[in-house]
Number of protein chains: 2
Amino acid sequence: MNTRSAPSVEELITAALAGDRRALARLITIVENDGEQARAVLQRLYPHTGRAHIVGITGAPGTGKSTLVNAMAREYRQRGMTVGIIAIDPTSPFSGGALLGDRVRMKDLVGDPGVYIRSMATRGSLGGLARATDDVVLVLDAMGFDRILIETVGVGQAEVDIASSAHTVIVVEAPGLGDDIQAIKAGVLEIADIFVVNKADREGADRTFMALQTMLGLGPRTVRHHGRAMRVDMPEGTHEGWRPPIFKTVATRGEGVPELVDAVEQHRHFLEESGEMARRESERAAHLLDHILRDALMARLLERVPEGNFEATVERVAAREIDPYAAVEHLMHEAALEAE
Amino acid sequence: MNTRSAPSVEELITAALAGDRRALARLITIVENDGEQARAVLQRLYPHTGRAHIVGITGAPGTGKSTLVNAMAREYRQRGMTVGIIAIDPTSPFSGGALLGDRVRMKDLVGDPGVYIRSMATRGSLGGLARATDDVVLVLDAMGFDRILIETVGVGQAEVDIASSAHTVIVVEAPGLGDDIQAIKAGVLEIADIFVVNKADREGADRTFMALQTMLGLGPRTVRHHGRAMRVDMPEGTHEGWRPPIFKTVATRGEGVPELVDAVEQHRHFLEESGEMARRESERAAHLLDHILRDALMARLLERVPEGNFEATVERVAAREIDPYAAVEHLMHEAALEAE
């Protein structure tokens, strides 16, 4: 009998598409582990990707990102859309990193068949994690999730990586996190499509809001948005035609969240109309190709270099007998990969 | 006359070795920009590297890492050693990111010829930044700095990268930064050689200290260290023979800093005696080689693929006409790099 053997990739995909959550979880684990099977899964699923809208939510610890992601997912569900959530923030309650209260708060999502939540392993280098994240996004996209929310802790540089994974990047701030916030902004200005001041009911929220306005070179203005009273700021100046708005939210009570989700949808519309979506998709494809290509080239080189030679070369570099560039030339020569 | 033309790499190196700080700054900029000249600089300097001890200092924003790095540098200077400081934390006062008060506080270091401070650009991906950091470390090492302190903001995953760059990793905590701290620990336990609870004069310092002890599986013990009263904890359990100690410091007043520097020196001694230093140096060499090799292989492939073909393949992947693995096979075939 064959029924008790491990299911094939094809069987897992069929089951996952039919709504089997355990099959989906296994597919994602396969992809995360990045072996021969991962390749089979991604190769099979790739043609079915490209439909989901991918939203990156980033911000320092303590800004309430997880609660915001939770509230956004709930809003999307009310609009009839399915949502995949990927938490690559080790402090996220989605990955078990936060207080029990937070986890209880998002329990309703866990039981919802239109929501899938995955927290990413925290091992390995940031580069490896970024790549695994992109691969998991592909799986969820192929499975038909309408919106994919990636929660990532952002302090300075880490935010840059999410920009190449997501269509829309939301940068979350909160009052009272100290002066560090100010300094972090520089790199963020370039990648944020939407700013959020969460915990807007706390003291200092106006100051955080105004600090953001100042950094974006805006004066304060109050705009009524869909007839609601939350203050929304739509900047005048813009790069490439999109003016990153600033929203105030109180994610624990869902305040400001419908407006935020509206803005994400407006941004998606903007990307499509302006041709920017095509540009971002090319960039994502180039990124994906670059990773796979480098791994393939490295594998090819190692096949061609005599056994043990690579390790011996590493030791010679460590001992300063040769410099790393000379070592690379040596290895390229051994693999018959010299310049022509 | 030739005197007004740009100095050669050789001239810059000679000048930098003679103490010319502008020449050193230019060398580092060359290396950061990662071009043909960068290769020449690194190839020339590599044989002279391997003498500095490299210390990574990581922790969340608000832990006082910069002040601690400053205090450690001053302590090393008092011991007659020269110090290079690399700040890859965008919130660091070294990179201009913090309050004026912090920058004034470290002004004494700026005027000291035995100290060189460099803040790293905050552009590009984390992978790119990690590599540039390793290259700048090589330059400072070759220039003869005895100790190189790398300050990096650490929230979860970012800390993993520093572990492959440094010989000794110090993880800095501080009281009162909220519950996030707890969750961050998991990945940190594996990379920390030394723990520091900075701002130890603040309320909650004991709780933070004990939380660390608990995570390390230790009971509280008070040890007198060099006759001083600061409480130091030397755990019993250990992986690979080194027991990561926990120190309390008040970096603004220099309290606990001599003991911390002693511990770094003890760790260096341990690495050398145990053979672990050789292992870490091999790992660093493998890392360096891997980066350079992948770039070289990619350059070789692009040379061999007909003009415009790579870009066209990216577009086909973006349009889901082919999957990225098929695209890689296609490109490898065009470059005559198929498996044999």
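Cut-off values and rules
- All residue numbers here refer to positions counted from 1 along the written sequence of the relevant chain.
- Chains and ligands are labelled by the order in which they are written, letters from A for the one and numbers from 1 for the other.
- For a predicted model such as this one, the threshold for reporting local features is a pLDDT of at least 70, and the threshold for listing and counting side-chain atom pairs is 80 or more; totals across whole chains, interfaces and linings nevertheless cover every residue.
- Numbering of helices and strands runs from the N terminus, with a helix taken as a DSSP run of H or I at least four residues long and a strand as a DSSP run of E at least two residues long.
- For every residue, the other C-beta atoms within 10 Å of its own C-beta are counted; 20 or more classify it as buried, 12 or fewer as exposed, and values in between as partly exposed. C-beta atoms are placed from the backbone.
- Note that contacts rest on C-beta atoms placed from the backbone: two residues are in contact if these are within 7 Å.
- A helix is expected to reach a length of 1.5 Å times the quantity of its residues less one.
- Lines fitted to the C-alpha atoms define the axes, with helices restricted to the stretch that makes contact. Angles between their N-to-C directions range from 0 to 180 degrees.
- Here the word oblique covers every angle except those under 35 degrees (roughly parallel), over 145 (roughly antiparallel) and from 65 to 115 (roughly perpendicular).
- By definition, pLDDT measures how confident the predictor is in each residue, and it falls between 0 and 100.
- Along the arc lie the directions from the helix axis toward the C-beta atoms.
- For a crossing to be left-handed, the near helix must be turned anticlockwise from the far one by less than a right angle; the clockwise case is right-handed.
- Residue type decides the class: Asp, Glu, Lys and Arg count as charged, Ala, Val, Leu, Ile, Met, Phe, Trp, Tyr, Cys and Pro as nonpolar, and the leftover types, Gly among them, as polar.
- Two strands are counted as paired when DSSP detects at least two bridges linking them.

What follows is about the overall build of chain A. Across its full length, chain A carries 14 helices and nine strands. Here chain A holds 340 residues, and 47% of them are scored as buried. For chain A, the share of sequence-separated contacts (at least 6 apart) that also reach a separation of at least 24 residues comes to 71%.

Next up on the list: the environment of Leu-331 of chain A. Structurally, Leu-331 of chain A is set in helix H14 (residues 324–334). Here Leu-331 of chain A is in contact with Leu-301, Val-305, Phe-310 and Thr-313 of chain A together with Leu-293 of chain B, once residues within four sequence places are set aside.

All right, on to the environment of Met-215 of chain A then. Here Met-215 of chain A lies in helix H10 (residues 205–215). The exposure class assigned to Met-215 of chain A is partly exposed, which follows from the 14 C-beta atoms found within 10 Å.

What follows concerns unusual backbone geometry. Residue and element names in this part refer to chain A. Positive phi outside glycine occurs at Lys-199, with the angle close to 55°. Position of Lys-199 among the secondary structure elements: in the loop between strand S6 (194–197) and H10. We classify Lys-199 as buried; it has 26 C-beta atoms within 10 Å.

Let's shift gears to helix H4 (residues 65–78) of chain A. All names here are of chain A. With 14 residues, H4 should cover 20 Å at 1.5 Å per step; its first-to-last C-alpha distance of 20 Å lies within 8% of that length. Burial analysis of H4 places 10 of its 14 residues in the buried class, the great majority of the element. Among all positions in H4, only Lys-65, Ser-66, Thr-67, Leu-68, Val-69, Asn-70, Ala-71, Met-72, Ala-73 and Tyr-76 are buried. Phi turns positive, to about 85°, at Gly-80, one or two residues after H4.

All names here are of chain A. Packing of H4 against helix H11 (residues 257–274) leaves a shortest axis separation of 9 Å and a crossing angle of 75°. On the basis of the axis angle, H4 is roughly perpendicular to H11. Of the residues in H11, those in contact with Ala-71, Met-72, Glu-75 and Tyr-76 of H4 are Val-257, Pro-258, Leu-260 and Val-261.

The subject of this paragraph is the confidence of the model for chain A. All names here are of chain A. On average, residues of chain A score 81 in pLDDT, and 77% of them reach the 70 mark or higher. The weakest mean pLDDT in chain A belongs to strand S7 (residues 223–225) at 35; the strongest belongs to H11 at 97. Within the model, pLDDT remains below 50 along residues 179–184, and this stretch shows 17 contacts once partners closer than five positions in the same chain are excluded. Scoring the predicted complex yields pTM 0.77 and, for the interface, ipTM 0.81.

Here we come to helix H13 (residues 309–318) of chain A. When H13 of chain A is considered as a whole, its buried residues turn out to be Phe-310, Thr-313, Val-314, Val-317 and Ala-318 of chain A. Angularly, the buried residues of H13 of chain A cover 140° about the axis, an arc narrow enough to put them on a single face. The outward face of H13 of chain A, more than 90 degrees from its buried face, is lined by the exposed residues Glu-311 and Ala-312 of chain A. Buried residues belonging to H13 of chain A abut helix H12 (276–304) and H14 of chain A together with helix H12 (276–304) of chain B. Arg-320 of chain A lies just past H13 of chain A and shows a positive phi near 60°.

This next bit is on the packing of helix H2 (residues 21–33) of chain A against helix H3 (residues 36–45) of chain A. All names here are of chain A. Relative orientation of the contacting elements H2 and H3 amounts to 120°, with a least axis distance of 7 Å. Judged by the angle between their axes, H2 and H3 are oblique. Read as a crossing pair, H2 and H3 show a hand that is left-handed. Counted together, Leu-27, Ile-30, Val-31 and Asn-33 of H2 and Gln-37, Ala-38, Val-41 and Leu-42 of H3 form the full contact between these two elements. Split by residue class, the contact of H2 with H3 holds six nonpolar, two polar and no charged.

Here we take up the pairing of strand S5 (residues 168–173) of chain B. Along a regular strand, successive side chains alternate from one face of the sheet to the other. Residues and elements named next belong to chain B. Of all six residues that make up S5, six are buried, and the element is covered over most of its length. What you see with S5 is no split at all: Thr-168, Ile-170 and Val-172 on one side and Val-169, Val-171 and Glu-173 on the other are buried throughout. Alignment of S5 against strand S6 (residues 194–197), held across four bridges, turns out to be parallel. Bridge pairing links Val-171 to Phe-195 in S6.

Glancing now at the environment of Ile-170 of chain B. All names here are of chain B. Topologically, Ile-170 is positioned in strand S5. What makes Ile-170 buried here is the crowd of 28 C-beta atoms within 10 Å. Along the backbone, Ile-170 and Val-264 are 94 residues apart, and their C-alpha atoms lie at a distance of 8.7 Å. What Ile-170 contacts, discounting residues up to four positions off in sequence, is Val-55, Gly-56, Ile-57, Ile-194 and Val-196.

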